[in-house]
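Here are the chains, one letter per residue:
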Amino acid sequence: MTTVPASPPPGAASRTVRAHATLLPYALCLLGATAVVHLLIVLDGNRITVLTTLPLAVIAIGYAVYLLLVGRPLGRVRYGRLVAHALTYAMVNTGYLLHAYILIASASPAIQGDGHLALDAGWFGATFGMAGFWGLGLIAHGIAALGERGFEGPRP
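Throughout this document, residue positions are counted from 1 along each chain, in the order its sequence is written. Residue-level local features of this predicted model are given only where pLDDT is at least 70; pairs of side-chain atoms are given and counted only at 80 or more, and the full residue set underlies all totals for whole chains, interfaces and linings. Remark: hydrogens and water are excluded; side-chain values derive from all non-hydrogen atoms of the structure.

Undergrad: Go over the packing of helix 3 (residues 50–74) against helix 4 (residues 80–105) with me, naming the residues and quoting the values.
TA: The N-to-C vectors of helix 3 and helix 4 enclose an angle of 165°; their axes lie 10 Å apart at closest approach. With respect to each other, helix 3 and helix 4 are oriented roughly antiparallel. For helix 3 against helix 4, the interelement crossing comes out right-handed. On helix 4, the residues that touch Thr 52, Leu 56, Ile 59, Tyr 63, Tyr 66, Gly 71, Arg 72 and Leu 74 of helix 3 are Gly 80, Arg 81, Ala 84, His 85, Thr 88, Val 92 and Tyr 96. Here the axes come from fitting lines to C-alpha atoms, over the contacting stretch only for helices, and the angles between their N-to-C directions go from 0 to 180 degrees. Counting from the N terminus, the helices are the DSSP runs of H or I reaching at least four residues and the strands are the DSSP runs of E reaching at least two. Roughly parallel covers angles under 35 degrees, roughly antiparallel covers those over 145, roughly perpendicular covers 65 to 115, and oblique covers all other angles. Here a crossing is called left-handed whenever its near helix is offset anticlockwise from the far helix by less than a right angle, and right-handed whenever the offset is clockwise. Contacts between residues were defined by any pair of non-hydrogen atoms, one from each residue, lying within 4.5 Å.

Dropping the structure here:
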């Protein structure tokens, strides 16, 4: 008894191709958004404050909107959603880590800790906290994507 594989619904392949094609523009927009975040931090004296953290909420909302718009067809691209997640993680966290590195290398008082932390509490959270906790989620996503052979099914 042989079964004929189900053919994809009409237009599914083209939606998948379009979803794949959105990754580069998404990455470029994300790069621009993170540059704006760091410009705002510089303009605020290289301090991490509520006002300099609010743009991260805009990036998070942008990522959520991106996934709402192209997430389903992107799940049909091998490792598509994982790539979007990894790009977002890498660009946001690398921006903070490089910014912190420059401040440390230049002995900026904006990053010096007071008390029990070697780094300013805001910078400590933006570098170690965000990268570490978000990294755990990215690892879980990566393992799940491997289990699905890179093709993530639609969510209910």
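There's more to say after this.
Undergrad: Just give me the short version of helix 2 (residues 23–43), but keep the residues and values in it.
TA: With 21 residues, helix 2 extends 30 Å from end C-alpha to end C-alpha; this agrees with the ideal 30 Å at 1.5 Å per step. The positive-phi residue at the C-terminal boundary of helix 2 is Gly 45, with phi of around 75°. An expected span of 1.5 Å times one less than the residue number is assigned to each helix.

Undergrad: Let's hear about the environment of Gly 122: which residues, and what values?
TA: Inspection of the secondary structure assignment puts Gly 122 in helix 5 (residues 121–147). Only protein chains enter the calculation, and the probe is 1.4 Å; a residue is then buried if its accessible area is under 20% of its type maximum, exposed if over 50%, and partly exposed in between. Owing to a relative accessible area of 22%, Gly 122 belongs among the partly exposed residues under this scheme. Separated by 11 residues in sequence, Gly 122 and Ile 111 have C-alpha atoms that sit 8.4 Å apart.

Undergrad: So what's going on with helix 3? Residues and values would help.
TA: Bend, in this description, refers to the angle at a residue between axes fitted to the seven residues ending there and the seven starting there. The sharpest bend along helix 3 comes to roughly 50°, located at Leu 68. Buried within helix 3 are the following residues: Thr 52, Pro 55, Leu 56, Ile 59, Tyr 63, Tyr 66, Val 70, Gly 71, Pro 73 and Leu 74.

Undergrad: Give me the lowdown on the packing of helix 4 against helix 5, citing residues and values where you can.
TA: At their nearest, the axes of helix 4 and helix 5 sit 10 Å apart, and the two run at 160° to each other. Taken together, the axis directions place helix 4 and helix 5 in an arrangement best described as roughly antiparallel. Where helix 4 crosses over helix 5, the handedness of that crossing is left-handed.

Undergrad: Mind laying out unusual backbone geometry, listing which residues take part and the relevant values?
TA: Positive phi is not limited to glycine here, since Asn 46 has a value of about 60°. Inspection of the secondary structure puts Asn 46 in the loop between helix 2 and helix 3.

Undergrad: Give me the lowdown on the packing of aromatic side chains, citing residues and values where you can.
TA: Centres within 6.5 Å are what make two rings of Phe, Tyr or Trp a pair, Trp counting through its six-membered ring; a difference in plane orientation under 30 degrees is then read as stacked, over 60 as edge-to-face, and the rest as tilted. Enumeration according to the criterion identifies 5 aromatic pairs in this entry. When the centroid spacing of 4.2 Å and the interplanar angle of 15° are considered together, the rings of Tyr 26 and Tyr 66 count as stacked. One end of the pair, Tyr 26, is in helix 2; the other, Tyr 66, is in helix 3, and 40 residues separate them in sequence. For Tyr 26, a relative accessible area of 9% gives the class buried. On the basis of relative accessibility, which here comes to 10%, the residue Tyr 66 falls in the buried class.

Undergrad: With reference to specific residues and values, describe the side chain of Asn 93.
TA: Assignment of secondary structure puts Asn 93 in helix 4. Judged by its relative accessible area of 2%, Asn 93 is buried.

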